[in-house]
Structures are given as C-alpha cells and as structure tokens.
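# Understanding the architecture of this molecule
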Amino acid sequence: MKTELLIVGAGAAGIAAALAAWEAGCRDILLVDRRERPGGILPQCLHEGFGLAAYGAELTGPAYADRITERLAQTGVRLALGTEVLAVRGDKTAVLSGRGGLSEWRFERLILASGCRERSIGSLPVAGTRPAGIFTAGQAQEMMNLRGQDVGREVLILGSGDLGLIMARQLVLAGKHVIAVIEQGPRCGGMARNYRRCIEPYQIPLRCRTTVSALHGERRLRGVTLRNLDSGAEELLPCDTLVTALGLIPERELVRGLGDPDWLSYVGNCHRVHDLADSAAAEAEAIGTRVGGELAV
Ligand SMILES: Cc1cc2nc3c(=O)[nH]c(=O)nc-3n(C[C@H](O)[C@H](O)[C@H](O)COP(=O)(O)OP(=O)(O)OC[C@H]3O[C@@H](n4cnc5c(N)ncnc54)[C@H](O)[C@@H]3O)c2cc1C
C-alpha cells in the first residue's frame, strides 16, 4: 500500500501537521495512532488550560481534542486509529499493525508526532522493593480519567513540574490525602500559574531540596524514606501511593538508527517537550505546511 505522507501520532501535533499539510495541497495523507481516540494525551487532561492562543478560550484537554478532530473530519485525511506503527525502514516503508492485521506501507515523507514518554522511578537511585502503588503521573491520570480506576488513598507526589502539580490537585479533588509534593530543586519546578491553581488553594505542602531515597512494602507500598538533600537527614513517611512526575523524554525509538534522512520530520513532544498544546500545534503546523506544499507540487 502507498501514501504520500505518513504521520505517526494523532495528538495535538500530528493533527495540526495533517491539517496544515492538507491545506497546503497534499491530498494523500495517512494519520495513524495506536490509541482508539484521537488527541494523544489530551483526552486524559480534564483540567482547563488548553487553547488560549489558538482558540482564545481556556478549554479542557478533551474539548481541545474535539475541536481539532472536528476540523480534521472536514478534510480528506485518512485517520487510522487502533493502529500502531511497528517499524520504519530506511527504504521509506513502514509496518503497521491494526484492525486488519499487519500491513506494509510505502511513503514519500514521514512526519513523526509520537509524543514523549515519562521518566520512571527506575531512573533514580532509590533503594528498597518495587511494590504496587507506584505510578507515573501520566499512568495515574489515565487510570483515573479514562478508566475510572482508583490509585490509592495516602499519596505522595515526587516532582513539582506541571504534571506533578496538576495531579496533586486532581487527587485532592478525588478525595485523596496528598501528603506532600517532593521536589529536589530549591523551588517549584512547574509554571507559576499551576502552582497558584493547584497547590496554594489546597494548602498542599511543597517540600523542596528533598528526595525519595527508599521504598518500603512487599505487595503494596506502605511508606518511603525521604532525604533532605542539604542536611542528609532521613525520615520514614507512611503512604500507600507514590505518583512520580520526573520529566518527559521525547519518544523517537521508531526511527532510531535511521540517521537524519531528508524525508523525515519531527513535530510536537517527540521533537522537544512543549508545555502547551498550542505551541506543539504551532510547530507542527509550520512543518506540515512545508512538507504538504512540497508534496503538492
Ligand atoms: C498532564 C499534562 C498537562 C498538560 N497541561 C496542559 C495545559 O494545561 N495546557 C496546554 O496547552 N498544554 C498542556 N499540556 C501539554 C500538551 O498536552 C502537549 O504539549 C501536547 O498535547 C503534546 O502533543 P503531541 O501530539 O506532541 O503528543 P501526544 O499527545 O503525546 O501524542 C502522541 C501520539 O502518538 C501516538 N503514538 C506514539 N507512537 C506511536 C506508534 N508507534 N504508532 C502509533 N501511534 C503512536 C500516541 O499514541 C499518542 O496518541 C499538558 C501535558 C500533560 C502531560
């Protein structure tokens, strides 16, 4: 099978790239996502704060996803959901796995919009066991917002970036006891507006220059050891849930080893991590316009 433009990932960036490429005149675009719903991580972000630049309104993630998906539906871009790109080869072919099984596609240009992955607790030198009850912020968000699952009751958050702050508020609103947000740096790592919205009103303690040095528990987490990074003092803190927000890493595994071919472009969080969906989309739009224009000639 063939397509002129293959776009991997139908998040804010992939959809923006597809819309722009279509508007630039490319009429053969296949947009693929392994998830069953378009929007990437947007559908699981129930808080407001999306779309100020693009739509002049503070939308929730799902509302933002709906807007861009509606625009996509007005084009002839083919959207293949529930479809994973398993491999991309240097001869401009890709292997897809979807509802109809495996298929091989030949393409002219590829835009990678595969987002990012979260740094896990395994990336830190933390002693002790690895019991149940430890989630990345994205996992906790997906469990609560998309699957209606419970994460735990007594929660500690490790990392005060925007993801950590947003999850702290959401957990409080869900009736959980957020014991503290732990931060190794000297101050809050997230945007000031998120600190004001998510931490201050709920009086959640933010403990800076502190880290988790050990995990305790056999089947389920029952506590962590906290270490003060200035004094070295340690304390045991009981909790049943640890939510880690340790940073995001651009996801480019799919094209590792391919070098820098002229048919490949990166957009959105797989290029660099964007705090705002609008900025991921704006970057993708510029690339989509260029690539789409070249294919339209
Ligand atoms: C918790 C959180 C809160 C945020 N809050 C805000 C906010 O308030 N306001 C704001 O503007 N922005 C916010 N952002 C940032 C914004 O959501 C992101 O910058 C933007 O949505 C990233 O879009 P993306 O398309 O690059 O990546 P993603 O949305 O991650 O999309 C990538 C897609 O690629 C797919 N994919 C990856 N690999 C493959 C493959 N091999 N085959 C098929 N599909 C694949 C994935 O399934 C995914 O759907 C927030 C982000 C997070 C995580």
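### Description of the overall build of the protein
Helix and strand content of the protein: seven helices and 20 strands. For the protein, whose C-alpha radius of gyration is 21 Å, the value lies close to the compact-globule estimate of 19 Å for 297 residues. Once the C-alpha set of the protein is aligned to its principal axes, its extents read approximately 65 × 40 × 35 Å. Across the protein, the fraction of contacts at a sequence separation of at least 24, relative to all contacts at a separation of at least 6, is 63%. Carbon and sulfur atoms form 49% of the exposed surface of the protein, whose accessible area is close to 13,900 Å². If the 34 positive side-chain charges of the protein are averaged to one point and the 34 negative ones to another, these points end up 2 Å apart.

### Notes on the packing of aromatic side chains
Per the stated rule, a full pass over the model turns up three aromatic pairs. Plain terms: the ring middles of F50 and Y64 are 6.3 Å apart, the flat faces sit at 55° to each other, and that makes the pair tilted. Within this pair, whereas F50 is found in strand β3 (residues 48-50), its partner Y64 is found in helix α3 (residues 61-73), the two being separated by 14 residues in sequence. Under the relative-accessibility criterion, Y64 is labelled buried at 2%. Ring geometry for Y55 versus Y64: centroids 5.7 Å apart, planes at 85°, classification edge-to-face. Exposure remark for Y55: the relative accessible area of 24% places this residue in the partly exposed category. An aromatic cluster is defined as three or more aromatic residues linked by ring pairs; in this entry it consists of F50, Y55 and Y64.

### Some words on the state of the cysteines
Enumeration according to the criterion identifies zero disulfides in this entry. Considering cysteine sulfurs only, C270 is the nearest to C26, which forms no disulfide, with 19 Å between them. Judged by its relative accessible area of 1%, C26 falls in the buried class. Not engaged in a disulfide, the cysteine C239 finds its nearest cysteine sulfur in C208; these two sulfurs lie 18 Å apart. The class of C239 is buried, set by a relative accessible area of 5%.

### Considering the domain arrangement of the protein
Here the protein is described as being made up of domain 1 (2-117 + 249-296) and domain 2 (120-246). One C-alpha centre belongs to domain 1, the other to domain 2; they are set 31 Å apart. Domain 1 puts ten residues into the contact, and the matching count from domain 2 is eleven residues. Carbon and sulfur atoms make up 45% of the area that domain 1 and domain 2 hide from each other, which totals about 870 Å². Taken together, the connections running from domain 1 to domain 2 amount to one salt bridge. Its salt-bridge partner being R197, residue E58 comes within 3.0 Å of it at the nearest N-O pair. At the junction of domain 1 and domain 2, the tally comes to four residue pairs in polar contact (both at pLDDT 80 or more).

The rules we used
- Residues numbered from 1 in each chain as written.
- Predicted model: local features only at pLDDT ≥ 70, side-chain atom pairs only at ≥ 80, totals over all residues.
- Heavy atoms only, no water.
- Helix = DSSP H or I, 4+ residues; strand = E, 2+ residues; numbered from the N terminus.
- Rg over C-alpha atoms; globule rule 2.2 N^0.38 Å.
- Contact = heavy atoms within 4.5 Å.
- Areas by Shrake-Rupley, 256 points an atom, 1.4 Å probe, with all protein chains shown as cover.
- Lys, Arg positive; Asp, Glu negative; His and termini not counted.
- Charge placed at Lys NZ, Arg CZ, Asp CG, Glu CD.
- Phe/Tyr/Trp six-rings, centres within 6.5 Å; stacked < 30°, edge-to-face > 60°.
- Buried < 20%, exposed > 50% of the residue type's maximum accessible area, 1.4 Å probe, protein only.
- Disulfide = S-S within 2.5 Å.
- Domains from an automatic or database assignment.
- Buried area = accessible area lost by both parts, 1.4 Å probe.
- Salt bridge = Lys/Arg side-chain N within 4 Å of Asp/Glu carboxyl O.
- Polar contact = N/O pair within 3.5 Å; in protein donor to acceptor, adjacent residues only side chain to side chain.

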